[in-house]
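One letter stands for each residue in the lines below.
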Amino acid sequence: QVQLVESGGGLVQAGGSLRLTCAASGSIFSISAMGWYRQAPGKQRELVARITHGGSTDYADSVKGRFTVSRDEAKNTVYLQMNSVKPEDTDVYYCNVVAVVPPVITKVYWGRGTQVTVSS
């Protein structure tokens with residue numbers, strides 16, 4: 001069983017910064033990738049940023065240059081540093097982890113989501 005604990009969401013003014021954290025725990029052999037998705041009501045969940053075991057990163061075009069994803073492999077934790085936030089960044093943000101777990105299978109896990117609200 002793998003648990004994801006997200007933190008760091010909240011209310012921030014446009015132009016400000018916010019840092020999201022997601023820590024994975026449980027029976028994990030290894031983690032292939034960790035990242036963040038977001039979803040607005042009535043819309044599909046979309047990738048915000050992710051980072052692989054090798055350190056490769058992917059970003060949504062809308063956040064490039066403003067958001068930075070990073071990870072602490074020793075702590076199985078992923079971070080999303082959000083700078084120069086905009087009202088359109090308002091969404092529920094979900095942590096995503098792709099992990100190898102017992103017996104030796106790859107599974108995808110989702111956090112419960114953390115609300116980010118950017119005021120104009």
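Asks: A description of the pairing of strand β8 (residues 77-82) should follow, citing residues and the corresponding values.
Replies: Most of β8 sits out of view: 5 of its 6 residues are buried. Relative to β8, strand β7 (residues 67-72) runs antiparallel, the two sharing 6 bridges. Looking across to β8, one finds that threonine 68 is bridged to glutamine 81.

Asks: Give me the lowdown on unusual backbone geometry, citing residues and values where you can.
Replies: Negative phi characterises most residues that are not glycine, and trans characterises most peptide bonds. In the segment running from proline 102 into proline 103, the intervening peptide bond is cis, with an omega of 0°. Take proline 103: it is sitting in the loop between β9 (91-101) and β10 (105-110). One non-glycine residue, asparagine 76, lies in positive phi territory at about 50°. Summarising the element assignment, asparagine 76 is placed in the loop between β7 and β8. On the basis of relative accessibility, which here comes to 22%, the residue asparagine 76 falls in the partly exposed class. The phi angle at serine 84 is positive, at roughly 50°, despite the residue not being glycine.

Asks: Before we move on, could you go through the environment of isoleucine 28 and cite the residues and values that matter?
Replies: Within the secondary structure, isoleucine 28 is located in the loop between β3 (18-26) and β4 (30-39). It is 17 Å that separates the C-alpha atoms of isoleucine 28 and isoleucine 51, two residues lying 23 residues apart in sequence.

Asks: I'd like a description of the state of the cysteines, backed by residues and values.
Replies: Applying the stated criterion across every chain yields a total of 1 disulfide. Here cysteine 22 engages in a disulfide with cysteine 95; their sulfurs sit 2.0 Å apart. Taking the torsion about the sulfur-sulfur bond, which here is approximately -80°, the covalent link between cysteine 22 and cysteine 95 counts as left-handed. Of this pair, cysteine 22 sits in strand β3 while cysteine 95 sits in strand β9, and the two are 73 residues apart along the sequence.

Asks: If you had to explain the environment of glycine 16 to someone new, which residues and values would you point to?
Replies: Following the sequence through the fold, glycine 16 ends up in the loop between β2 (10-13) and β3. In the structure, glycine 16 is positioned 29 residues away from arginine 45 in sequence and 24 Å away in space, judged by C-alpha atoms. Apart from residues lying up to four places away in sequence, glycine 16 is in contact with Met82, Asn83, Ser84 and Val85.

Asks: Quick rundown of the packing of aromatic side chains? Include the residues and the values.
Replies: Under the defined criterion, the tally for this structure stands at 1 aromatic pair. Between tyrosine 37 and tryptophan 110, the aromatic rings sit 5.0 Å apart at their centres with planes inclined by 70°, giving edge-to-face as the arrangement. Separated by 73 residues along the polypeptide, tyrosine 37 in strand β4 and tryptophan 110 in strand β10 bring together distant segments of the chain. Using a relative accessible area of 19% as the deciding quantity, one classes tyrosine 37 as buried. For the cation-ring pair, arginine 19 lies above tyrosine 79, with the distance from its terminal atom to the ring centre recorded as 4.1 Å. Above the face of the tryptophan 110 ring, arginine 45 is positioned so that its terminal group lies 4.6 Å from the ring centre.

Asks: Give a description of the sheet that holds β8 that names residues and reports values.
Replies: The antiparallel open sheet is built from 4 strands, whose spatial order is β1-β3-β8-β7. Bordering the open sheet on either side are β1 (2-7) and β7, each of which pairs with just one other strand. Adjacent strand axes in the sheet meet at a mean angle of 15° when their direction is disregarded.

Conventions used here
- Residues numbered from 1 in each chain as written.
- Predicted model: local features only at pLDDT ≥ 70, side-chain atom pairs only at ≥ 80, totals over all residues.
- Heavy atoms only, no water.
- Buried < 20%, exposed > 50% of the residue type's maximum accessible area, 1.4 Å probe, protein only.
- Helix = DSSP H or I, 4+ residues; strand = E, 2+ residues; numbered from the N terminus.
- Pairing = 2+ DSSP bridges.
- Disulfide = S-S within 2.5 Å.
- Contact = heavy atoms within 4.5 Å.
- Phe/Tyr/Trp six-rings, centres within 6.5 Å; stacked < 30°, edge-to-face > 60°.
- Lys NZ or Arg CZ within 6 Å of the ring centre and 35° of its normal.
- Axes fitted to C-alpha atoms, helices over the stretch in contact; angles between N-to-C directions.

Geometric descriptors of this kind do not, in isolation, establish any biological role.
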